[in-house]
Every structure is written in structure tokens, then in C-alpha cells.
Amino acid sequence: MGRTMRTRGLRARALAMFGAVVMMMASAMPASAAVDESPQGDAVVVVGDGGLVQVVGWTFDRSSFGHAVEVSVTVDGVPFTSARADLPSEYLYPYGVAGQHAFWTAARVAPGSREVCAVFRNTGPGTDTAGPCARVDIAARAVADSPQGDLSVIVNNESAQLVVMGWVFDHSSLYSALDVDIVVDGTVRGRWRADGASPYLAPYGVPGSHSFFGGVGVSNGDHRVCVVARDVAPGGDDIIGCRDVTVASVEHSPEADVQISMNANGSINVKGWVIDRSDLGSSVRVAVFQNGTLTASPQADAASPQLAPYGLGNRGLDLRLPPVTRSETISVCVLALNIGTGDNTWIACADVDPRGTAAVVDQTSAASLTVLVNKKTPLSPLRYTPTLWPLSAVGVGGGQAMRPEAAVAMRDLVQAAAGAGHSLQVASAYRSYDTQVAVFNRYVSERGVAGAELTSARPGYSEHQTGLAADVVAVGSGCGIDQCFGSLPAGHWVAANAWRYGFIVRYPNGYTSITGYEWEPWHLRYVGVDAAREMHDGGIATYEQYLGAPSAPRY
């Protein structure tokens, strides 16, 4: 209570002194002058007992008389305390300044000669205004009751960061952990607690934990780093030290070893590895351009056995992309996108000539693994019957059958899904011409011809008749052959991984105008690993687009 009364007395004394000089300060205001949009104001500094420095004054901003201006007080150029100018200021009324615009703030300052300055913070148009400064002398006390400490600053040019460390304690309370403000170039960048281990202080009779440590990101160039220790009373906050440092960060652009080649069908291989030393823990994104057109933008996170000895075994590129054209030579270039310091980097360029090639060898024969079947392209012959294997022979339940190549691939897909925690079953696969007649007619009776043709194929136009298509469901999910499959975890897994086993989601969402069918996330079509991979890596949604075939929205 005594200390509170003493502080109030000091404040009253400061305000009294301020009242004596305020009329003199106000009289200095010109009767008429050009409107200044920056804050205006004045202040006086009063030094009390025990190093208590009080700053009192007034400030307003013509941009907004109703707004209380923020005031920052610095000691020796370092932010120390602040105030809000919202106290009564009747003495400004005669000058047309309504509202409350006076302020008062105080802080204990360590002994020594100190420069105390006020800064009035701008609210609207204009800029901050530097208020008055005063040089004050704070008398030394017999007992050191302000913080003591030291600091070191290490420049990490690799990360453009300053590592600030040190120790600080207060004789007033040796077991208390102090707060320290980290000030870089006059701006407080953080407040840390000095509560780390400090066994090196114990031999000097300083118990407790008093160290601090941390990093501050900065730009290249010269910087001044200061640490302000916040006092435990009695005493005052103190600057325990400043250090001048120079930062010259090391810039790391992406590095790579990437090769570009072409396959017999004109597809383009992009293989190799990419890293960025700015962040070796992250994979680099690359952009692949064909004749200046962006055609893929994957992460370089494939296997990279060349880098595995260095702990970077997944920084590889392994793409197989369809060409954007088969009528001319293509310039293929790969750009690595920078992660940290440095620049985007062109890491590979090569010309390929896909003229005379085709995406698949045979897209018309009914027996071809890559045959195109849609509303514009029926099977030939219409009653084609493939060689089939029962899926049960390869361990896949559901009682269905598929072409041998597709059956083996479906087994691999189902097993991989099980390993990822998803139980899949094939609900429908091969359908004969006659079966498709019955299926299509059932849909017509339920939905009418137009509705049926959005989800069911006419006989002779169905992929199921090839033995290469399958409808998969998630066992126990409560969702059968329905669009709800696409929102299940199993459906997400199938969409993301089917290509690895030679399957594509044949009728993707939003492409009815090309495929002729509504979204069927359950309907998988085997096209072989090469074609499925090229569609995946090239971001190609439909088989028609991959083959360069016309859209088939209707018969």
C-alpha cells in the first residue's frame, strides 16, 4: 500500500508540473496554420526516486479528434513503455481540440545517463511524429537491484537468422525468471522468458535458471540487436547489451539431375532427382512444359536411390507424360520451383519427336486391352465374347470374371487396398451381350431412355462386355454401386491409386459431355499400366482425351 501511495504521489507531482507548463506548451500552438494530418503533441519527462521516469503530455491527430493516439516511449532508442492519450485535456478546448488527449506513463530505468523520447503514433493520413527527447541522469543505488546479464548473437547465414542467447537475473529476486525483449533495429521482435538452465552462474552465488535462447529471421545487411531485461521491483528495466551484426545469407537454388526421353508410343519420360539445400526436409515441386505449355506440376517425391545414402531417398522424379501433339517436334523443359532463398531453376530441356506415334497400338479391335468403347464406338463384333478367368481363381471375391490380364491386376489392386485398410469386392465385371440387354432394359423401365443412357450402356456399347471393366464396392460400408462410393475412404484410395495397377476411373466427375455418362467412381477400366500411368502423370481425366478421340456424349 505504501508503494502504491508513493507511486500515486509521484504521478500527482508529475501532473502538477505538467499543468504548470501545459499552458506554455499550448500557447505555442499557432492560431491558424495549414492542416497537418500527422499527430501533434508535446511531453515532459520527470525523474522520481529510485529511477522512476515519468512521461506526461498531450497529443492528438486532426485526422480523428475522437481517437486516442498511442504514444511509445523509448530509452536510449529502445522501446521501453507505452501509453494511450485518453486522459482529460480541458486546456486544449480553447484551441478547438475536443475530447481527451492527455497521457501519463512511467517506468523504472537503470542508473546512468539516459535519453528518453516520445513518439506519437499516426492514426489516419500522415506519419508517426517524433516527440521531444530529454537527457536524464538516474542516480546509482548502493545495491544493484536492476537486472544484470549478457548476450551473444550468432549469425546463421544459411537460414538468414540471428541466434540470440545469453543470461539475465535480478538481485531483487534471484529465483525469478525474467522476461527479455529482443529488439532488432529498434523494433521489438519478441519477448522471451529467461528460464533455461544456467549452471555457469551457480559458482557466483546465482541460483535458479536464467538463460535465454532463440532465433529471429532478418534480411541481408547490417543490424543492431539489443536485449532489454524486464525488472522485478525494486529497480528498473535495463538494456543488458547490444550487438552489431552483418547478415549475408547464402542463397540455395534447386539442384537436380534429370533426363528426358521418349517411348515408342510418343510418351515422354522425365526421370531423375531434385533437391533444394534451403530445405532438405521438403520435396521440390517441378513444372513440366511442352512447347511452352504447362502439362504437369508434381512434387519430386518418388524414390531416389542415388541420394538414399545421404538420407534423401524420396527426392526423385519418375514421370511418363503423353505428348501435347503428335504432329511436330516438342521442346520439353522442366522448371524446379525454389523453396527458400534462391531462385526457380530450369533443370532440364530436350527436344522429342513423337510424329508417327500413337498413344496405344490398337484402340479398335474388340480383343485389344486398349480398345475404346463408348457411345460413338461400339464393339466389333457387337456380340464379342472374350477369354475369361473367374476372379475367385486369383483370390478376389464376388463371383465375377474378367480377362486374365485384368483379373491379375484386380487381385493386386484389392490386395494393396487391403494393406491400406480398405476391403474391396468386385460387384460386377464381365457381362455378355444378352446380359447387357436385360440390364439396359431394366434401367429404361426405371428411368426412361434418356435417364438410362446416362448410367447404362446399350448392348454392344458396354465396357463390361470386354471383360476389362469392373464395378468395385467397399465391403460393409452400406454403399453399393453408387456415387456415395466416391466419398468413402476406400473410394478416395481407389481414385488415387488405381492407375498403379493399370486401371482408370472411366467416368470421372464433371466429364459427362465427353464420356456420355454420369460420375461413376466405382467403375474401373483396365487399360494397362503404361496408359494408366500416362493419364495419371499427365493429369488427363478421360480415356477419350488420352487417345485424342472425339467426345461421345450421345449415340
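Structural notes, computed from the coordinates. Because the structure is a prediction, the values reported are computed rather than measured.

Description of the overall build of the chain
Step number 1: Helices and strands together make up the secondary structure of the chain, namely seven helices and 27 strands.
Step number 2: Against the compact-globule benchmark of 24 Å for 555 residues, the chain has a radius of gyration of 38 Å, which places it well outside the compact range.
Step number 3: Summarising its shape, the C-alpha atoms of the chain cover approximately 110 × 60 × 50 Å along the three principal directions.
Step number 4: Within the span of the chain, comprising 555 residues, buried residues form 47% of the whole.
Step number 5: Across the chain, every contact between residues at least 6 apart in sequence was considered, and the portion connecting residues at least 24 apart equals 63%.
Step number 6: Only carbon and sulfur atoms are counted for the fraction: they give 52% of the accessible area of the chain, which is about 25,000 Å².
Step number 7: Computing the positive centroid from 39 side-chain charges and the negative centroid from 51, the chain places the two 5 Å apart.

Side note on the nonpolar core
Step number 1: Of all hydrophobic cores here, the largest spans 35 residues; its most connected members are Met-402, Met-410, Phe-485, Phe-503 and Leu-524.
Step number 2: Of all the secondary-structure elements, those providing two or more residues to this core are helix H2 (404-419), strand S24 (424-428), strand S25 (469-474), helix H4 (489-497), strand S26 (503-507) and strand S27 (520-526).
Step number 3: The element contributing the most residues to this core is H2, with seven residues.
Step number 4: Setting aside residues no more than four positions away along its own chain, Phe-485 makes contact with Leu-424, Val-472, Val-473, Ala-474, Cys-479, Gly-480, Ala-490, Gly-491, Val-494, Pro-521 and Trp-522.
Step number 5: Core analysis: the next-biggest nonpolar cluster, separate from the first, contains 23 residues, Val-53, Val-55, Ala-83 and Val-228 among them.

Considering the packing of aromatic side chains
Step number 1: In the structure shown here, the tally under the stated rule is nine aromatic pairs.
Step number 2: Note on Phe-503 and Tyr-526: the rings are 5.4 Å apart at their centroids and 70° apart in plane angle, and the pair reads as edge-to-face. Taken together, the residues Phe-503 in strand S26 and Tyr-526 in strand S27 connect sequence positions 23 residues apart. This pair shows no difference in class: Phe-503 is buried, exactly as Tyr-526 is.
Step number 3: Members of the aromatic cluster, connected to one another through ring pairs, are Trp-58, Phe-60 and Phe-65.
Step number 4: Above the ring of Phe-80, the side-chain terminus of Arg-230 is found at 5.2 Å from the ring centroid.
Step number 5: Taking the ring centre of Tyr-517 as reference, the NZ or CZ of Lys-375 above it sits at 4.6 Å.

Focus on the environment of His-223
Step number 1: In this structure, His-223 sits in strand S13 (residues 221-229).
Step number 2: Sequence spacing of His-223 and Asp-185 is 38 residues, and the spatial spacing of their C-alpha atoms is 6.0 Å.
Step number 3: Ignoring any residue separated from it by four or fewer positions in sequence, one finds His-223 in contact with Val-184, Asp-185, Val-218, Arg-243, Asp-244, Val-245 and Val-247.
Step number 4: A distance of 2.7 Å separates the side chain of His-223 from the backbone oxygen of Ser-219, its partner in a polar contact.

Considerations on the state of the cysteines
Step number 1: Tallying each qualifying case throughout the model produces four disulfides.
Step number 2: Through a disulfide, Cys-117 is tied to Cys-133; the S-S separation comes to 2.0 Å. Disulfide Cys-117-Cys-133: the torsion about the S-S bond is 115°, which places it as right-handed. In this pair, Cys-117 is assigned in strand S6 (residues 112-120) and Cys-133 in strand S7 (residues 129-138), connecting sequence segments 16 residues apart.
Step number 3: Its relative accessible area of 11% is what places Cys-117 among the buried residues.
Step number 4: A relative accessible area of 46% places Cys-133 in the partly exposed class.
Step number 5: Disulfide connectivity for the chain, with bonded cysteines indexed by sequence position, reads 1-2, 3-4, 5-6, 7-8.

Side note on H2
Step number 1: An ideal rise of 1.5 Å per residue puts 22 Å on 16 residues; H2 measures up with 23 Å between its terminal C-alpha atoms.
Step number 2: Gly-421 sits one or two positions beyond H2 and adopts a positive phi of about 95°.

Looking at the pairing of strand S16 (residues 268-275)
Step number 1: For S16, a buried count of seven out of eight residues is recorded, marking the element as mostly surrounded by other parts of the structure.
Step number 2: Where strand S15 (residues 255-262) lies against S16, eight bridges are found, and the strand directions are antiparallel. Bridge pairing in S16 links Ser-261 to Asn-269.
Step number 3: Taken together, S15 and the strand that follows it, S16, pair antiparallel across an intervening segment of five residues, in which Gly-266 is found at a positive phi of about 90°.
Step number 4: In this structure, S16 lies alongside strand S19 (residues 316-321), joined through six bridges in antiparallel fashion. From the neighbouring strand, Ile-268 faces S19, where its bridge partner is Leu-321.

So, the pairing of strand S5 (residues 102-108)
Step number 1: Most of S5 is tucked away: six of the seven residues are buried.
Step number 2: Pairing between strand S2 (residues 52-60) and S5: seven bridges, direction antiparallel. Bridging from a neighbouring strand, Gln-54 pairs with Ala-106 of S5.

A look at the sheet that holds strand S14 (residues 238-247)
The strands making up a sheet associate through backbone hydrogen bonding, with each pair oriented either parallel or antiparallel.
Step number 1: Reading across from one edge, S11-S10-S13-S14 is the order of the four strands in this open sheet, with antiparallel pairing throughout. At either end of the open sheet lies a strand with only one pairing partner, and these are strand S11 (187-193) and S14. Between one strand axis and the next, the sheet turns by 20° as a mean value, whatever way the strands run.

Examining helix H3 (residues 433-452)
Step number 1: Compared with the 28 Å implied by 1.5 Å per residue over 20 residues, the 17 Å span of H3 between its first and last C-alpha is markedly short.
Step number 2: A maximum bend of about 105° is found in H3 at Glu-446.
Step number 3: Those residues of H3 that sit buried are Tyr-433, Gln-436, Val-439, Phe-440, Tyr-443, Gly-451 and Ala-452.

Quick notes on the pattern of salt bridges
Any two side chains of opposite charge can pair if their charged atoms end up close together.
Step number 1: By the definition in use, this model includes 25 salt bridges.
Step number 2: The partner of Arg-193 in a salt bridge is Asp-179, with the nearest N and O atoms 2.5 Å apart. Of this pair, Arg-193 sits in strand S11 while Asp-179 is found in strand S10 (residues 179-184), placing the two residues 14 residues apart along the sequence.
Step number 3: The class of Arg-193 is partly exposed, set by a relative accessible area of 44%.
Step number 4: We note a salt bridge from Arg-533 to Asp-537, for which the minimum N-O separation is 3.4 Å. One end of the pair is Arg-533 and the other is Asp-537, both in helix H6 (residues 529-537) and four residues apart, which spans about a single turn.
Step number 5: A single network of salt bridges, built from pairs that share partners, joins Asp-181, Arg-191, Arg-230 and Asp-237.

What counts as what
Residues numbered from 1 in each chain as written. Predicted model: local features only at pLDDT ≥ 70, side-chain atom pairs only at ≥ 80, totals over all residues. Heavy atoms only, no water. Helix = DSSP H or I, 4+ residues; strand = E, 2+ residues; numbered from the N terminus. Rg over C-alpha atoms; globule rule 2.2 N^0.38 Å. Buried < 20%, exposed > 50% of the residue type's maximum accessible area, 1.4 Å probe, protein only. Contact = heavy atoms within 4.5 Å. Areas by Shrake-Rupley, 256 points an atom, 1.4 Å probe, with all protein chains shown as cover. Lys, Arg positive; Asp, Glu negative; His and termini not counted. Charge placed at Lys NZ, Arg CZ, Asp CG, Glu CD. Core = buried A, V, L, I, M, F, W, Y, C linked by side-chain atoms within 4.5 Å. Phe/Tyr/Trp six-rings, centres within 6.5 Å; stacked < 30°, edge-to-face > 60°. Lys NZ or Arg CZ within 6 Å of the ring centre and 35° of its normal. Polar contact = N/O pair within 3.5 Å; in protein donor to acceptor, adjacent residues only side chain to side chain. Disulfide = S-S within 2.5 Å. Expected span 1.5 Å × (residues − 1). Pairing = 2+ DSSP bridges. Axes fitted to C-alpha atoms, helices over the stretch in contact; angles between N-to-C directions. Bend = angle between axes of the 7 residues up to and from the residue. Salt bridge = Lys/Arg side-chain N within 4 Å of Asp/Glu carboxyl O.

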